[in-house]
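Breakdown of the fold
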Amino acid sequence: MKVLIFNGSPRKGNTLTAIKAIEKGIASRADAAEIEVNVIETEGKSIIPCKACNACGCMSRCIFADDSPEINEAVEAADVLIFATPVYWWGITAQLKLVIDKFYARASKFKGDKKIGTVVIGEAELDDAEYEIIQKQFACIADYLEWDVVFAKSISANKPKDLAADEETLAQLEAFGAEL
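Residues numbered from 1 in each chain as written. Predicted model: local features only at pLDDT ≥ 70, side-chain atom pairs only at ≥ 80, totals over all residues. Heavy atoms only, no water.

Moving on, we get to the packing of helix H1 (residues 14-27) against helix H7 (residues 167-179). Remark: H1 packs on H7, axes separated minimally by 6 Å, with the N-to-C direction vectors making an angle of 45°. Relative to H7, the element H1 lies oblique. Considering the relative orientation of H1 and H7, their crossing is right-handed. Along its contact with H1, which presents Thr17, Ala18, Ala21, Ile22, Lys24, Gly25 and Ile26, the element H7 presents Leu170, Leu173, Glu174, Phe176, Gly177 and Ala178. Residues that form the contact of H1 with H7 fall into these classes: 8 nonpolar, 3 polar and 2 charged. (Axes fitted to C-alpha atoms, helices over the stretch in contact; angles between N-to-C directions. Helix = DSSP H or I, 4+ residues; strand = E, 2+ residues; numbered from the N terminus. Parallel < 35°, antiparallel > 145°, perpendicular 65-115°, else oblique. Left-handed = near helix turned anticlockwise from the far one by under 90°. Contact = heavy atoms within 4.5 Å. Nonpolar A, V, L, I, M, F, W, Y, C, P; charged D, E, K, R; others polar.)

Shown next as C-alpha cells:
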C-alpha cells in the first residue's frame with residue numbers, strides 16, 4: 001500500500017503533529033514494512049497557479065515547468081491520500097490549494113480506487129463554519145474523483161503546541177493511521 005500525505009502547513013506546528021501521529025499509527029501496523037509513506041511538504045514546492053488554459057487536456061501534463069508533474073505522479077500511484085491543513089481565512093492554505101488545482105491535468109487518471117483522509121486544524125471552536133466549509137470542499141473533490149473519504153477530522157488547536165497536549169485527539173489520529 002502507498003500512502004501519500006500532503007502537509008499544507010508552512011509551519012512546524014499542529015499540522016505536523018497530526019501527521020506524525022498518523023505516521024505513528026501506520027508504523028504500528030503488523031504490515032507496516034509493506035506500507036510506503038511519502039509526505040509532500042507543499043511549502044517549498046514550486047507550483048505555478050493553474051491558468052485554465054486546458055493545454056493539459058491535450059498533453060496530460062501542465063505546460064508550465066513546476067513541481068506538479070512529480071506530485072501528480074505520486075497521487076496517481078497512491079492508494080491512500082491524506083490532506084492535512086491549517087485553516088487560513090476559512091479555507092485550506094494557498095500552498096495546498098495550488099497543488100490540488102494542478103490535479104486537473106490528470107483528473108481522469110486519478111478517478112476511483114483511492115481512499116482519502118482529511119485533517120483540518122483551526123483556532124476556532126469546532127462548531128465554526130470554517131471546518132464544515134473545508135470538509136465539504138474535500139468531499140466534493142472526492143466525489144468528483146470517485147474517491148472514498150474514510151476519515152475527516154476537524155481539530156481546534158489555538159496555539160502551536162496545543163495538539164501535542166491533546167492525548168485523545170492524538171490517539172484518534174494514530175488509530176486512523178493504524179486502520180488504513
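Attention shifts here to the nonpolar core. Counting 27 residues, the largest nonpolar core has Phe6, Val75, Leu81, Phe83, Phe103, Phe138 and Trp147 as its most contacted members. Where this core is concerned, the elements lending two or more residues are strand S1 (2-7), helix H3 (68-77), strand S3 (80-86), helix H4 (94-101), helix H5 (107-110), strand S4 (115-122) and helix H6 (129-145). Broken down by element, this core gets its largest block of residues, 6 residues, from H6. (Core = buried A, V, L, I, M, F, W, Y, C linked by side-chain atoms within 4.5 Å. Buried < 20%, exposed > 50% of the residue type's maximum accessible area, 1.4 Å probe, protein only.)

The next subject is the sheet that holds strand S5 (residues 148-156). An order of S2-S1-S3-S4-S5 is seen for the 5 strands of this open sheet, with the pairing classed as parallel. Both edges of this open sheet fall to strand S2 (36-41) and S5, since each of them pairs with a single strand only. Between one strand axis and the next, the sheet turns through 15° on average, direction left out of account. Pairing analysis gives 6 bridges linking S1 to S2, with the strands arranged parallel. From the neighbouring strand, isoleucine 5 faces S2, where its bridge partner is valine 39. In the packing of H7 onto the sheet, the strands contacted are S3, S4 and S5, and the crossing angle to S5 comes to about 165°. (Pairing = 2+ DSSP bridges.)

Before going further, it helps to examine unusual backbone geometry. Despite not being glycine, tryptophan 90 shows a phi value in the positive range, around 65°. Looking at the secondary structure, you find tryptophan 90 in the loop between S3 and H4. In this structure, glutamate 146 is a non-glycine residue whose phi angle is positive, near 60°. Within the secondary structure layout, glutamate 146 lies in the loop between H6 and S5.

On the accessibility criterion, glutamate 146 (51% relative accessible area) is exposed. In this structure, glutamate 146 is in contact with Lys111, Gly112 and Asp113, ignoring residues within four places of it in sequence.

On the secondary structure map, lysine 24 appears in helix H1. Owing to a relative accessible area of 52%, lysine 24 belongs among the exposed residues under this scheme.

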